[in-house]
Amino acid sequence: QGFWNQGSELSETTTLFALDPEVAPFVQDFEGDFLWAADSPWAVTQAAQNEAGHSAPGAWEDSPLGSDQANYADNTSRLLVGEMDFSGVQRPVLRFNHRYNFQAGDFGYVEFSTDSNVWIRIAEYTGAQGQWSQEEIDLSDQGRKSAVFLRFWLISNFSETGDGWNIDDVEV
């Protein structure tokens, strides 16, 4: 699994990770141990622990306070990736809670892959959703597959930045 630029502006940098799959059905609340890999500075924080709409206290945050990037950087690309095993599920449905604040020209994408090379976009977010909300995406075409990669990808342009993306309670 390759990650490009690790949250920096160096597009030629690639880091390889070995992921252990989450076996579906599962609910991942990102408390304790979890099987996901992320570009820096993605981190599980407790910044949103008192907010309704997700399981507290922890949630993924792409630009956590204390990382010197309370907002995501200009011209950045940040990935949060997990591998899923759907072999025991005939009609998988992805659900997750999130909130986001993206400036014009900046996006959050949800994509999947069966080989970690060719990615298929299944959701796109821009603008702002200040309250936690749940999304549900049908992945039934991926049923019974033993290796499905899922990624949340924040990408920004060269202008203004925002607070970014918070993600919690990923389930299939």
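The rules we used
- Residues numbered from 1 in each chain as written.
- Predicted model: local features only at pLDDT ≥ 70, side-chain atom pairs only at ≥ 80, totals over all residues.
- Heavy atoms only, no water.
- Phe/Tyr/Trp six-rings, centres within 6.5 Å; stacked < 30°, edge-to-face > 60°.
- Buried < 20%, exposed > 50% of the residue type's maximum accessible area, 1.4 Å probe, protein only.
- Lys NZ or Arg CZ within 6 Å of the ring centre and 35° of its normal.
- Helix = DSSP H or I, 4+ residues; strand = E, 2+ residues; numbered from the N terminus.
- Pairing = 2+ DSSP bridges.

> Even after reading the chapter, I still don't get the packing of aromatic side chains, so can you show me in this structure?
For any pair of aromatic rings, the description rests on two quantities: the centre-to-centre distance and the angle between the ring planes. Across all of its chains, the model carries 13 aromatic pairs by this definition. Summarising the aromatic geometry, the rings of Phe30 and Trp36 are spaced 5.6 Å apart at their centres and angled 80 degrees between planes, so their arrangement reads as edge-to-face. In this pair, the class of Phe30 matches that of Trp36, namely buried. An aromatic cluster is present here, built from Phe30, Trp36, Trp42, Trp60, Tyr72, Phe96, Tyr100, Phe102, Tyr125, Phe152 and Trp165 joined pairwise through their rings. Here Arg121 stacks its cationic end above the ring of Tyr109, 3.5 Å away from the centre of that ring. Sitting above the plane of the Trp119 ring, Arg151 keeps its charged end 4.1 Å from the centroid.

> Just checking my understanding: could you explain the pairing of strand 13 (residues 148–155) for this structure?
Side chains on a regular strand alternate between the two faces of the sheet. Within strand 13, seven of the eight residues are buried, leaving the element largely enclosed by the surrounding structure. Relative to strand 13, strand 8 (residues 77–85) runs antiparallel, the two being bridged by eight bridges. Among the inter-strand pairings, Gly82 is bridged to a residue of strand 13, identified as Leu150. For strand 10 (residues 107–113) and strand 13, the ladder comprises seven bridges, and the chain directions are antiparallel. For Gly108, the partnering residue across the bridge sits in strand 13 and is Leu154.

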